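These are the residues of each chain, in order.
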Amino acid sequence: MVDIMIKEMFNCYETAKVRRNFMGHIIAISGKGGVGKTTLCGLLIQYLCETGKKPVLAVDADANANLNEVLGVETGITLGELREEIERAGTDSRYQIPAGMTKAAYFDSRLADALTEEDDYDLMVMGRSQGQGCYCFVNGIVQTQIQRLQSHYPYIVVDNEAGMEHISRGILPNMEIAVLVSDCSRRGVQAAGRIAALMKELNFHPKKVGLIVNRAPDGKLDEGTMEEIQNQKLDLLGVVPQDDDVYRFDCEGRPTVQLPADSPVRAALKVIIEKLGI
């Protein structure tokens, strides 16, 4: 019995040592609103899990959270809701902190509740604060949690909010791959270009920055869109075709990850992921 206990302690020590030396790859998905970031993010997470790169930490860093709908899972408390619960403790009878615990200690003990655990991935949702005020505090929690959990997952996939806010706040300075998503419009490509430029200004140094153009008719880009991509000096990773099934699934409230195996969206995304070397 003693030998077994010593062996288990040694295995735990070796596991902890490996985790200290291991840092998961952070993939950040960004772009302007309405270009299909969350859909592609969910399919990327599914691809990583199906190809053995699990467990994945999926992070919905959008205050208007819906990555869980793409993945088809129910979420528990969000980080924003948890923050509000702790903030109102003592003034609202619905929220009580155990005697002898500080707010900080209780908050730390509850963070595990903000992880929705699935077989192949865990999902953490930023959510939003209630009422007025910015999201700086909740953003800070997201960044801290990613840093804390990075050694536990080979891949961390972050679905950012629309626009440039997360980038400007420096929430993901350690991202390894920055995937910018646009539709076929010049404005979408220009938005992606501004995000790429901002990352340079902030001295972020991801190993790879690339553009995915989503919802392209017949999977092809016209000359005007290609010209704008060149003007913005963006590396085009690939083009994902317009697929009526994606629209139909959304209208029916079905998870996008249930798209058929022969979906042209899946096929295009697979080529892009292989190009990224993930």
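Scroll up for the structure.
One structure accompanies this document, and this report is about it.

Calculation criteria
Residues numbered from 1 in each chain as written. Predicted model: local features only at pLDDT ≥ 70, side-chain atom pairs only at ≥ 80, totals over all residues. Heavy atoms only, no water. Helix = DSSP H or I, 4+ residues; strand = E, 2+ residues; numbered from the N terminus. Buried < 20%, exposed > 50% of the residue type's maximum accessible area, 1.4 Å probe, protein only. Contact = heavy atoms within 4.5 Å. Right-handed = clockwise from strand over helix to strand, strands pointing away. Phe/Tyr/Trp six-rings, centres within 6.5 Å; stacked < 30°, edge-to-face > 60°. Lys NZ or Arg CZ within 6 Å of the ring centre and 35° of its normal. Polar contact = N/O pair within 3.5 Å; in protein donor to acceptor, adjacent residues only side chain to side chain. Pairing = 2+ DSSP bridges. Axes fitted to C-alpha atoms, helices over the stretch in contact; angles between N-to-C directions.

### Considerations on the overall build of the chain
Working step 1: Per the secondary structure count, the chain includes 11 helices and 8 strands.
Working step 2: Within the span of the chain, comprising 278 residues, buried residues form 47% of the whole.
Working step 3: Restricting to contacts in the chain with at least 6 residues of sequence separation, those with at least 24 account for 77%.

### Focus: the pairing of strand β6 (residues 177-182)
If a strand is regular, its side chains alternate between the two faces of the sheet.
Working step 1: Taking burial as the measure, the 6 residues of β6 include 6 buried ones, the bulk of the element.
Working step 2: One crossover worth recording links β6 to the parallel strand β7 (residues 208-216) by way of helix α8 (residues 186-201), and it is right-handed.

### Looking at the packing of aromatic side chains
Working step 1: Applying the stated criterion to the full structure yields 0 aromatic pairs.
Working step 2: If you follow R254 out to its NZ or CZ, it ends over the ring of F249, 3.9 Å from the centre.

### Focus: helix α10 (residues 244-252)
Working step 1: Two or three places before D245, at the start of α10, stands the capping residue D243, its side-chain oxygen 3.0 Å from that residue's backbone nitrogen.
Working step 2: After α10 finishes, the residue G253 shows a positive phi value of roughly 70°.

### Overview of the sheet that holds strand β5 (residues 155-160)
Working step 1: Taken in spatial order, the 8 strands make up an open sheet running β3-β4-β2-β5-β1-β6-β7-β8, and their pairing is mixed. For this open sheet the edge positions go to β3 (115-117) and β8 (236-241), each flanked by a neighbour on one side alone. Ignoring strand direction, the axes of neighbouring strands in this sheet form an average angle of 20°.
Working step 2: In the sheet, β7 pairs with β8 via 4 bridges, with the strands oriented parallel. Bridging across to β8, A216 finds its partner in P241.

### Things to note about unusual backbone geometry
Working step 1: Along the chain, K54 connects to P55 via a cis peptide bond; the corresponding omega equals 0°.
Working step 2: With respect to the helices and strands, P55 occurs in the loop between α2 (37-50) and β2 (56-61).
Working step 3: One non-glycine residue, D218, lies in positive phi territory at about 60°.
Working step 4: With respect to the element layout, D218 can be found in the loop between β7 and α9 (223-231).
Working step 5: Owing to a relative accessible area of 72%, D218 belongs among the exposed residues under this scheme.
Working step 6: Unusually for a residue other than glycine, K233 sits at a positive phi of about 55°.
Working step 7: Given a relative accessible area of 71%, K233 falls into the exposed group.

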